[in-house]
Amino acid sequence: MRLILTDIDRTILPYGMRSVPRRTREAMRGAISRGCAVGPCTGRALAWASILFDGDDGCVSTCIATNGLQVYHAGEKVLEKTIPAECVRRMATLVSELPHAGLVYFDDAQPLLCAGTVEDLTAAFPRYGKICEPAGLPAHDVVKVNAFVAGDDAQTRELARLLSRELPELDFDVPQTGFTNIMPKGWNKGAAALYLRDYLGVAPEDVFVFGDAENDLTMLEAVENSVAVSNATPAAAEAARWHIGACEDLAVADAIDALSRGEFPFER
């Protein structure tokens, strides 16, 4: 056990809770104290991830943020990739032609709405809708960009398919209804996890990742010891090598504690 990465929402953060449970944070810190690099692998920017850990910076000192576009270790950024401003402009034009769709990019933790309406963003992602600011198109490349639609799952996936057809230099996935992640082609949580593994000089068998959803698939497929919680989507469960209990039961915390004790808590 040298590197542990975990998705946040519905993996270590039960639905409806505003912060990662203390029990899970204690398990993460325990593993860190034994020399393991531990942290979240999330679609959020680091500033948003930190909020969910109640300011416990030790739990996010190692972090893969924005779906792999930013990688941190020991509190330092060791990698950053960006979305070209020209691609943001093209996406804004495309979504502006669709009903109830839009585009938001970020200045650190601040969401900036460059296409669509606040009302539709709020319907798709309430937390961003409440604090977003209207903005023009970016003049520079940006790290985090999301397309959204105030609609159902089918409309969300159709939006992702449309953008994928029109912008083949980018990848898109659907972490939840109404919201679409955007990454450079071929770069994602999985690629970032392998980058961090090699950056730290960790053997493949000493890396563990935990996830629950489709935006975790690349990570679950890339890492040998991939683990899905029992509330995972069918695709995530199939991609994972190992399986544990539910997020609500703090199964990831139990697994990390067991690994810290030198046990192997998964059925072989």
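These figures come from a predicted structure and were not determined experimentally.

Student: How should the overall build of the protein chain be read in this particular structure?
Tutor: Assigned secondary structure in the protein chain consists of 10 helices and 14 strands. Computed over the C-alpha atoms, the radius of gyration of the protein chain is 18 Å, within 12% of the 18 Å expected from 2.2 N^0.38 for a compact globule of 268 residues. C-alpha extents for the protein chain along the principal axes are approximately 55 × 35 × 30 Å. Looking at the protein chain as a whole, 55% of its 268 residues are labelled buried. Long-range pairs, those at least 24 residues apart, make up 56% of the contacts in the protein chain with a sequence separation of at least 6. Total accessible area on the protein chain is roughly 11,300 Å²; 49% of this is exposed by carbon and sulfur atoms.

Student: Help me understand the sheet that holds strand 3 (residues 63-65), please; the structure alone is not making it clear to me.
Tutor: Think of a sheet as strands paired side by side through backbone hydrogen bonds, with each pair either parallel or antiparallel. The three strands are arranged 3-4-5 in an open sheet whose pairing can be described as antiparallel. Edge positions in the sheet fall to strand 3 and strand 5 (76-80), since each of these pairs with one other strand and no more. Here the strands of the sheet are splayed against their neighbours by 20° on average, with no regard to which way each runs. Of the pairings in the sheet, the one linking strand 4 (residues 70-73) to strand 5 comprises four bridges and is antiparallel in character. Residue pairing for strand 5: Q70 is matched across the bridge by E80.

Student: Explanation requested: the pattern of salt bridges in the structure shown.
Tutor: Where charged atoms from two side chains of opposite charge approach closely, those side chains can pair. A full pass over the atoms with the stated rule returns 18 salt bridges. Among the ionic pairs, R161 bridges to E158, the shortest N-O distance being 3.2 Å. Note that R161 and E158 are positioned in helix 6 (residues 153-166) at a spacing of three residues, about one turn of the helix. Classification of R161 by relative accessible area gives partly exposed; the value is 44%. Here E158 falls in the partly exposed class, since its relative accessible area comes to 37%. One salt-bridge network, in which partners are shared between bridges, spans D7, K189 and D216.

Cut-off values and rules
- Residues numbered from 1 in each chain as written.
- Predicted model: local features only at pLDDT ≥ 70, side-chain atom pairs only at ≥ 80, totals over all residues.
- Heavy atoms only, no water.
- Helix = DSSP H or I, 4+ residues; strand = E, 2+ residues; numbered from the N terminus.
- Rg over C-alpha atoms; globule rule 2.2 N^0.38 Å.
- Buried < 20%, exposed > 50% of the residue type's maximum accessible area, 1.4 Å probe, protein only.
- Contact = heavy atoms within 4.5 Å.
- Areas by Shrake-Rupley, 256 points an atom, 1.4 Å probe, with all protein chains shown as cover.
- Pairing = 2+ DSSP bridges.
- Axes fitted to C-alpha atoms, helices over the stretch in contact; angles between N-to-C directions.
- Salt bridge = Lys/Arg side-chain N within 4 Å of Asp/Glu carboxyl O.

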